[in-house]
Amino acid sequence: MSAEPPRAVLERLRAVDWYGDWDLAAGHSRSRALLMREHMRRAALWARAYGAGEKWPFFDVTEFVDPAFRLDPEVESELEDYVAHNVGTPSTARTCRGAVRWAALRAGREVALPELPDPYEPLLLMYGRGGGYSIEEFIDLYGVMIPYGKFESNLNAEPFLTLAPSTLDALDAGAAGRITYYAKISEGYPRSGPRGILRRRLVGREAKTHDEAFTRALRWEPTEYLRLYELGHNDIDHVQISEREAAAFIESTVKRLGGS
């Protein structure tokens, strides 16, 4: 069994600033919330597949996929030393162990697995964007709190599949306030492939309005489109979309214009 994949995950964990940079966590609060919700969805899929519903959402998938699996002793020693000295909550430590063990299990390729998405990648990305979380009545991501929701509702949640750092950064950029996303649509440009997307941010107690479009410069820039539309200049229509739909458009635009 190769030690390289589990060591690569361990190195990703070592790069996490777990409890120090609150500004980093707050600045990435939108993407961290999306990534945590995607973890909850994926964890529910794996829990259903292996009868682990009682352990959902923060559990070691490998324990259920292959109860006899053992991690390389040297990697396990490094992992346990790191977790003991750096990861403060039992739930987070359990997912760190789970992510490293999962990488090792996959590298061994000895067990047939269902066609389900990687259970830990969203969580690893979330950790890298501002550290861990704590559990109370809600899941506290140190910048935003999200509810658990029910097991069934997480199973049926809308997938969040656009995990590229550039997409996550664009969602977080200047994302203060209450945000609504819109897609500009017309003939030949349906909701699934719009002409462009916009967001309206309502900021502060006075709900000051900021309208912005995601432009060919691959950033959010002020736009008058929504104000003009409200005044009757409606040659191009629009429809409200979800944050996940906005992410999909951002990712496709970055790939098309950014060459990546």
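## Regarding the sheet that holds strand 2 (residues 139-140)
Stage number 1. In space, the three strands of this open sheet follow the order 1-2-3, with antiparallel pairing throughout. Strands with a single pairing partner mark the edges of an open sheet, and in this sheet they are strand 1 (134-135) and strand 3 (145-146).

## As for the layout of surface pockets
Stage number 1. By volume, the largest pocket is sized at about 150 Å³.
Stage number 2. In terms of lining residues, the largest pocket is bounded by Ser 29, Arg 30, Ala 33, Leu 34, Arg 37, Val 144, Ala 175, Glu 243 and Arg 244.
Stage number 3. Going through the elements one at a time, helix 3 (29-49) and helix 11 (243-258) are the ones with two or more residues in the lining of the largest pocket.
Stage number 4. Per-element tally for the lining of the largest pocket: the top contributor is helix 3, with five residues.
Stage number 5. Residue composition of the lining of the largest pocket, by class: four nonpolar, one polar and four charged.

## Description of the nonpolar core
Stage number 1. One finds Leu 13, Met 36, Tyr 127 and Ile 197 to be the most contacted residues of the largest nonpolar core, which totals 65 residues.
Stage number 2. Considering each element in turn, this core owes the most residues, ten residues, to helix 3.
Stage number 3. Counting residues in hydrophobic clusters, the runner-up holds five residues, among them Tyr 182, Leu 198, Ala 213 and Tyr 225.

## Brief notes about the sheet that holds strand 7 (residues 220-222)
Stage number 1. The sheet built from five strands is open, its strands ordered 7-6-5-4-8 with antiparallel pairing. The outermost strands of the open sheet, each flanked by one partner alone, are strand 7 and strand 8 (237-241). Strand-to-strand twist of the sheet, defined as the mean angle between neighbouring strand axes without regard to direction, takes the value 35°.
Stage number 2. The sheet contact formed by strand 4 (residues 178-185) and strand 8 spans five bridges and is antiparallel. Across the sheet, Tyr 182 pairs through a bridge with Gln 240, a residue of strand 8.

## Some thoughts on the pairing of strand 4
Stage number 1. Bridge analysis of strand 4 against strand 5 (residues 196-203) gives seven bridges, and the strand direction is antiparallel. Opposite Ile 179, over in strand 5, you have Arg 201 as the bridge partner.

## Observations concerning the confidence of the model for the protein chain
Detail in the predicted coordinates should be disregarded across regions flagged by low pLDDT.
Stage number 1. Mean pLDDT over the protein chain stands at 93; residues scoring 70 or higher make up 98%.
Stage number 2. Confidence scores differ between elements of the protein chain, with helix 2 (residues 22-27) showing the lowest mean pLDDT of 88 and strand 7 the highest of 98.

## Here's the deal with the pairing of strand 6 (residues 208-214)
Stage number 1. In this structure, strand 5 lies alongside strand 6, joined through six bridges in antiparallel fashion. Bridge assignment links Leu 202 to a residue of strand 6, and that residue is Thr 209.
Stage number 2. Joining the antiparallel neighbours strand 5 and strand 6 is a turn of four residues, in which Gly 204 adopts a positive phi near 80°.
Stage number 3. Pairing of strand 6 with strand 7, which is carried by three bridges, proceeds in the antiparallel orientation. Across the sheet, the residue bridging to Phe 214 is Trp 220, located in strand 7.
Stage number 4. Where strand 6 hands over to strand 7, the hairpin turn is made up of five residues, of which Leu 218 adopts a positive phi near 65°.

Reading guide: rules and limits
- Residues numbered from 1 in each chain as written.
- Predicted model: local features only at pLDDT ≥ 70, side-chain atom pairs only at ≥ 80, totals over all residues.
- Heavy atoms only, no water.
- Pairing = 2+ DSSP bridges.
- Helix = DSSP H or I, 4+ residues; strand = E, 2+ residues; numbered from the N terminus.
- 1 Å grid on protein atoms, 1.4 Å probe; cavity = no way out; pocket = protein on both sides within 12 Å on 5 of 7 lines; lining within 4 Å.
- Points joined across faces, edges and corners; volume = space filled by probe spheres on them.
- Nonpolar A, V, L, I, M, F, W, Y, C, P; charged D, E, K, R; others polar.
- Core = buried A, V, L, I, M, F, W, Y, C linked by side-chain atoms within 4.5 Å.
- Buried < 20%, exposed > 50% of the residue type's maximum accessible area, 1.4 Å probe, protein only.
- Axes fitted to C-alpha atoms, helices over the stretch in contact; angles between N-to-C directions.
- pLDDT = per-residue confidence, 0-100.

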